[in-house]
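In case you want the letters, here they are:
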Amino acid sequence: MKRLRLASSGSIRQRLILQLLVLVAVLSWVLYLSIRTVAGSAVETTQDAILGSATIAIAEELRGGVDGVAIDIPYTAFSMLGATGEDRVFYRILVDGATVTGYEDLPLADQPLGGLSPFFYTREYQSDTVRIAAVERSVIVGSRPVRVEVIVAQTRSAQDAIVAQMANRAATLGLGFFAIAALLSLLTARSVLQPVNNLAEAVGRRGPQDLRPVEWPVPSELAPLVAALNQFIARLSGALIRTETFIAEAAHHIRTPLATLRAQAEIALRQSQDEAARAAIRGMIRSVDDSARSVGQLLDHAAVVYRTDQRTDEEIDLAALTRDMVAVFGPAAELRDIGFELSLPDEPVTMTADRLLLESAIRNLLDNAVKYSALEGLISVSLEVEGDQARLTVCDSGRGLSGAKSATLTGRFRRGENVSDVIGSGLGLTIVREVVAAHGGDFRLTEREGGGACANLSLPLG
Ligand SMILES: Nc1ncnc2c1ncn2[C@@H]1O[C@H](COP(=O)(O)OP(=O)(O)O)[C@@H](O)[C@H]1O
Ligand SMILES: [Mg+2]
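Residues numbered from 1 in each chain as written. Chains lettered and ligands numbered in written order. Predicted model: local features only at pLDDT ≥ 70, side-chain atom pairs only at ≥ 80, totals over all residues. Heavy atoms only, no water.

A word on the site of ligand 1
Around ligand 1 sit 20 residues, and of these Asp396, Arg415, Gly416, Ser425 and Leu429 come closest. Asparagine 368 is positioned with one of its side-chain polar atoms (N or O) 2.8 Å from an oxygen atom of ligand 1. Measuring from an oxygen atom of ligand 1, one finds a side-chain N or O atom of arginine 415 at 2.5 Å. When ligand 1 is considered free in solution it has 530 Å² of accessible area, and contact with the protein chains removes 98% of it. (Near = heavy atom within 4 Å. Polar contact = N/O pair within 3.5 Å; in protein donor to acceptor, adjacent residues only side chain to side chain. Areas by Shrake-Rupley, 256 points an atom, 1.4 Å probe, with all protein chains shown as cover.)

Quick look at the structure:
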């Protein structure tokens, strides 16, 4: 069967997969970013809590006295901080705005402090980024309250390491999510397109004569397509039924009156004594024969065209079929003293084909051979099997093709230039060509060496 090459507007599958992959990539990226941000701020909050507690612990150890503030730095505060890694820790304690111990250049908070609840800020210090917690409290010195500020700073390499590690995990997670989602999107694309593929396959698998409506279950989105397809099939099968009826009716309504006309002309011929009238009647009978022949071939051609679409294939023995068809032509050939030389294989040559179509093709080949043969000619018909091909050759020793090409002569209504004296419609070889093409075979008409023509027909077996 010929397949139409349709212009493709791209693949739905590719488009679907591409869109899903872009979506998945964006989602993976968002997932990565949010995990990183959330994890980063969680770590910072934890670290701040430790730094804040250490700062408060130091502040709480400050004691007021009669002549000053007693500072006793609790080492537990630093061990608390030391537990969090290899970070460096700095501190600065100010009494009434003057640094009394610690690093004098440790940056101060740029806003008023809120007592013992620590204020946190991040600064550059000693070419490192430090996180700083600052608290203040007042201590009684003598009978006067003094303001004491405690500032503790810590570098953040431990926190950065943790955040980096979490970012790695987040990236792995994002990639994993991407991989799984990409796989799922492939599966989704496939499952979305599955019904379309199933439908295409179900329709494609049908034989050409299967014109039942498509009843394959399809998703609701495809229902309009299937409905349109079914309407189309219904119209096509209606048209085919009308064609078939027309061919049958036409055959009946044209052939029958022609036969009646011919019979009546023959009776008139027998009854008439007048020579001129007899000649006229003979002319009439010839015209009726011509017409009957042309009509016959036209209808034959119509039937062949119809049947190539609506084939009914069966097991056929090509050898027996050839023998039968040659027998049919026996009487017509005998009238002109033409003989048949038949060479068939001994065993049956079986193939799957449409019997009526093959009969029509062979009939037309034999008809030509008889028609274009000289009186007392010999027609040799041979059938051979070569590999998976059956080769039928019909050779006559008639007038030959006088240079005409096989491809030209098989055209519709095409006749040779050397056959104007013989009745014909130019459809015989068209029928042969169409039948052979429908069966995937090959046909060629060639000049025969020593005069005459050979029709070579090959059909695939099986
Ligand atoms: N056996 C043959 N010998 C010579 N010419 C042939 C033969 N078969 C076919 N042809 C040529 O091919 C033409 C087309 O054949 P066909 O289609 O059967 O039409 P028709 O026989 O009605 O003329 C013929 O008109 C004739 O010129
Ligand atoms: Mg013919």
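Some words on the packing of aromatic side chains
All chains considered together, the criterion is met by seven aromatic pairs. When the centroid spacing of 5.0 Å and the interplanar angle of 85° are considered together, the rings of phenylalanine 90 and tyrosine 125 count as edge-to-face. With a gap of 35 residues between them, phenylalanine 90 in strand β3 (residues 89-95) and tyrosine 125 in strand β5 (residues 119-125) connect regions that are remote in the sequence. Pair check on accessibility: phenylalanine 90 and tyrosine 125 agree, each one buried. Put simply, the rings of Tyr75, Phe78 and Tyr91 touch in pairs and so form one group of aromatic residues. (Phe/Tyr/Trp six-rings, centres within 6.5 Å; stacked < 30°, edge-to-face > 60°. Helix = DSSP H or I, 4+ residues; strand = E, 2+ residues; numbered from the N terminus. Buried < 20%, exposed > 50% of the residue type's maximum accessible area, 1.4 Å probe, protein only.)

Concerning helix α9 (residues 428-438)
Given 3.6 residues per helical turn, the α-helix brings residues three or four places apart onto the same face. Among the residues of α9, those classed as buried are Gly428, Leu429, Thr430, Ile431, Val432, Val435 and Val436. Looking at the packing, one finds that the buried side of α9 touches α5 (275-309), α7 (355-371), α8 (406-409), β13 (442-447) and β14 (453-460). (Contact = heavy atoms within 4.5 Å.)

Structural notes on the sheet that holds β14
Spatially, β9-β11-β12-β14-β13 is the arrangement adopted by the five strands of the open sheet, whose pairing is mixed. Strands with a single pairing partner mark the edges of an open sheet, and in this sheet they are β9 (339-343) and β13. On average, each strand axis in the sheet is tilted by 15° relative to the strand beside it, whichever way the strands run. Relative to strand β12 (residues 389-395), strand β11 (residues 378-386) runs antiparallel, the two sharing seven bridges. Residue pairing in the sheet places serine 380 in a bridge with cysteine 395 of β12. In the packing of α7 onto the sheet, contacts are made with β9, β11, β12, β13 and β14, and the angle to β12 comes to roughly 25°. Packed onto the sheet, α9 meets β13 and β14 and runs at close to 140° relative to β13. (Pairing = 2+ DSSP bridges. Axes fitted to C-alpha atoms, helices over the stretch in contact; angles between N-to-C directions.)

Focus: the pattern of salt bridges
Throughout the structure, instances matching the rule amount to 21 salt bridges. Aspartate 96 is paired through a salt bridge with arginine 144; the nearest N and O atoms lie 3.7 Å apart. Placement of the pair is aspartate 96 in the loop between β3 and β4 (98-102) and arginine 144 in strand β7 (residues 144-155), with a sequence separation of 48 residues. Across the pair arginine 147 and glutamate 136 runs a salt bridge whose closest N-O atoms are separated by 2.6 Å. (Salt bridge = Lys/Arg side-chain N within 4 Å of Asp/Glu carboxyl O.)

Side note on the pairing of β12
The two faces of a sheet get side chains in turn, since along a regular strand they alternate between them. Most of β12 sits out of view: five of its seven residues are buried. Here β11 folds back onto β12, and the loop between the two strands holds two residues, one of which, glycine 387, carries a positive phi near 65°. With seven bridges joining them, β12 and β14 adopt antiparallel strand pairing. Opposite threonine 393, over in β14, you have asparagine 456 as the bridge partner.

A look at the sheet that holds β3
Strands sit in the order β4-β3-β7-β6-β5 across an open sheet of five strands; the sheet is antiparallel. Across the chains shown, the open sheet's two edge strands, defined by having one partner strand only, are β4 and β5. The average undirected angle you get between the axes of adjacent strands in this sheet is 30°. The pairing of β3 with β4 spans four bridges and is classified as antiparallel. In the strand pairing of β4, arginine 92 is matched with glycine 102. Against the sheet, helix α1 (residues 12-60) makes contact with β3, β5, β6 (128-141) and β7, and its axis sits at roughly 30° relative to β6, the strand it touches most.

Brief notes about unusual backbone geometry
Although it is not a glycine, aspartate 337 adopts a positive phi angle of roughly 55°. On the secondary structure map, aspartate 337 appears in the loop between α6 (318-335) and β9. The residue serine 402 is not glycine, and still its phi comes out positive at about 40°. Topologically, serine 402 is positioned in the loop between β12 and α8. Its relative accessible area of 54% is what places serine 402 among the exposed residues.

Description of the domain arrangement of the protein chain
The domain boundaries assigned to the protein chain delineate domain 1 (207-310) and domain 2 (312-462). Put simply, the middle of domain 1 and the middle of domain 2, counted by C-alpha atoms, are 23 Å apart. Counting from both sides, the interface comprises 13 residues of domain 1 and, opposite them, 20 residues of domain 2. Summing both sides of the interface, domain 1 and domain 2 together bury roughly 1400 Å²; the carbon and sulfur share of this comes to 54%. It is Gln297, His301 and Arg307 in domain 1 that bury the most area against domain 2; as a group they hold 42% of the surface buried on that side. For the interface between domain 1 and domain 2, the tally reads three salt bridges. The salt bridge partner of aspartate 354 is arginine 307, with a shortest N-O separation of 3.1 Å. Remark: the boundary between domain 1 and domain 2 carries seven residue pairs in polar contact (both at pLDDT 80 or more). (Domains from an automatic or database assignment. Buried area = accessible area lost by both parts, 1.4 Å probe.)

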